[in-house]
Amino acid sequence: MQKILIIRLSSIGDIVLISPVIRCVKQQLKDVEVHVLTKGQYQTLYNTNPYVSKIYTWEEENATNFAGLKAENYDFVVDLHKNIRTSKVKTILHKKGKSFPKLNFQKWLLVNFKKDILPNIHIVDRYFEAVKPLGVINDQKGLDFFIQMDEEAFKKKFTFTDKYIVVAVGAKFATKRMPPKKLSEVLDGLPLPIVLIGGKEDQDSAQQIVELLPNQKITNTCGLLSFQESAQVIKDAQVIVTHDTGMMHIASAFELPIVSIWGNTVPAFGMYPYRPQAPNSYSIHEVLGLDCRPCSKIGFDTCPKGHFNCMMLQDTVAIQKQILQFLKNN
């Protein structure tokens, strides 16, 4: 029995994006156990994955944690995070392994000098570089996300029999989020009910949207549903409107159209919706030609320039037109 350790400490979107690697390792290698190392707060994302045999969590460096990993006597270590902490883990385990090409220098050039020498390749395909020595290849079947929840509890919180559009209101950083007033322009007059999803931190923005669109049928679930329940809401929708977030990648695992709105980050980083089996099932909306974009690999709490043109200049008419086109084709 082979044992393979796959390391990805965070975050939600990245953990969803490595799901094809986990699946292909399990399905393409004979007699293999796939173990993962992640941060404790993300353990639940692996709990539902049938291809994962064991989960180790990284909280703080401690001898007990390393002792457990060393006792497994891994045959190969796949580093899909590639930072100082994961390098230390690999050094301590002292086993054969490989990391994926993170391309930090190329990203730095794009952020700081707007010089784009990044390869035109999705990060999922870069992740597969780390399992090439094992003979594992991408099966091109897309992402996995496995939902496991208390269905009765979910039905008490959320019951929707009609077709609807789901809108992921939030994002970790403000410069990834379209302001509520601007997002309301996108949603105004859409022919289906709208369901807003997000965490407690998104409640104020969601409430603003509700108040700005008094004639639109809107259900605001922000802060009311668990992560798995929100994923179920996405799965059952007709189309999703989302920013560059983990929810976008969860949506990529399901067969619904994705309308993605981009602020300070850019698809060139390789983390746009991953749909190799249906490349025409998503759209990307960004303001091109800004000399300040991208201003970061991840984002800021406020626009460094103060104007927030990457969102304020978005063509809301074109975005709504795309939503309507997906609804027509669905």
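The notes below deal with the structure included here. Since the structure is predicted, the reported quantities are computational estimates derived from the model, not experimental observations.

**Concerning unusual backbone geometry**
Here's step 1: Across the junction of Ser10 and Ser11, the peptide omega takes the value -15 degrees, indicating a cis bond.
Here's step 2: On the secondary structure map, Ser11 appears in the loop between strand E1 (2-7) and helix H1 (12-17).
Here's step 3: Residue Pro294 is reached from Arg293 by a cis peptide bond, and omega for that bond is 0 degrees.
Here's step 4: For Pro294, the location among the structural elements is in the loop between strand E11 (282-285) and helix H13 (309-312).
Here's step 5: Positive phi, close to 60 degrees, is recorded for Lys82, a residue that is not glycine.
Here's step 6: Mapped onto the secondary structure, Lys82 falls in the loop between strand E4 (76-79) and helix H5 (84-93).
Here's step 7: The phi dihedral of Leu103 is positive, around 60 degrees, even though this residue is not glycine.
Here's step 8: Assignment of secondary structure puts Leu103 in the loop between strand E5 (97-99) and helix H6 (104-113).
Here's step 9: Note on Leu103: relative accessible area 14%, which makes it buried.

**Some remarks on the nonpolar core**
Here's step 1: With 57 residues, the main nonpolar core has Ile6 and Val25 as its most contacted residues.
Here's step 2: The residues contacting Ile6, other than those within four sequence positions of it, are Ile18, Val21, Ile22, Val25, Val34, His35, Val36, Leu37, Val78 and Leu80.
Here's step 3: Core analysis: the next-biggest nonpolar cluster, separate from the first, contains 30 residues, Leu187, Leu190, Met311 and Phe326 among them.

**Remarks on the side chain of Ser99**
Here's step 1: Position of Ser99 among the secondary structure elements: in strand E5.
Here's step 2: Of the residues examined, Ser99 reaches a relative accessible area of 18% and is grouped as buried.
Here's step 3: At 3.4 Å, the side chain of Ser99 and the side chain of Asp79 are in polar contact.
Here's step 4: A distance of 2.6 Å separates polar atoms of two side chains, one belonging to Ser99 and the other to Lys90.
Here's step 5: Excluding anything up to four places from it in sequence, Ser99 contacts Asp79, Lys82, Lys90 and Ala130.

Calculation rules
- Residues numbered from 1 in each chain as written.
- Predicted model: local features only at pLDDT ≥ 70, side-chain atom pairs only at ≥ 80, totals over all residues.
- Heavy atoms only, no water.
- Helix = DSSP H or I, 4+ residues; strand = E, 2+ residues; numbered from the N terminus.
- Buried < 20%, exposed > 50% of the residue type's maximum accessible area, 1.4 Å probe, protein only.
- Core = buried A, V, L, I, M, F, W, Y, C linked by side-chain atoms within 4.5 Å.
- Contact = heavy atoms within 4.5 Å.
- Polar contact = N/O pair within 3.5 Å; in protein donor to acceptor, adjacent residues only side chain to side chain.

Function cannot be read off these values alone, since they describe shape.
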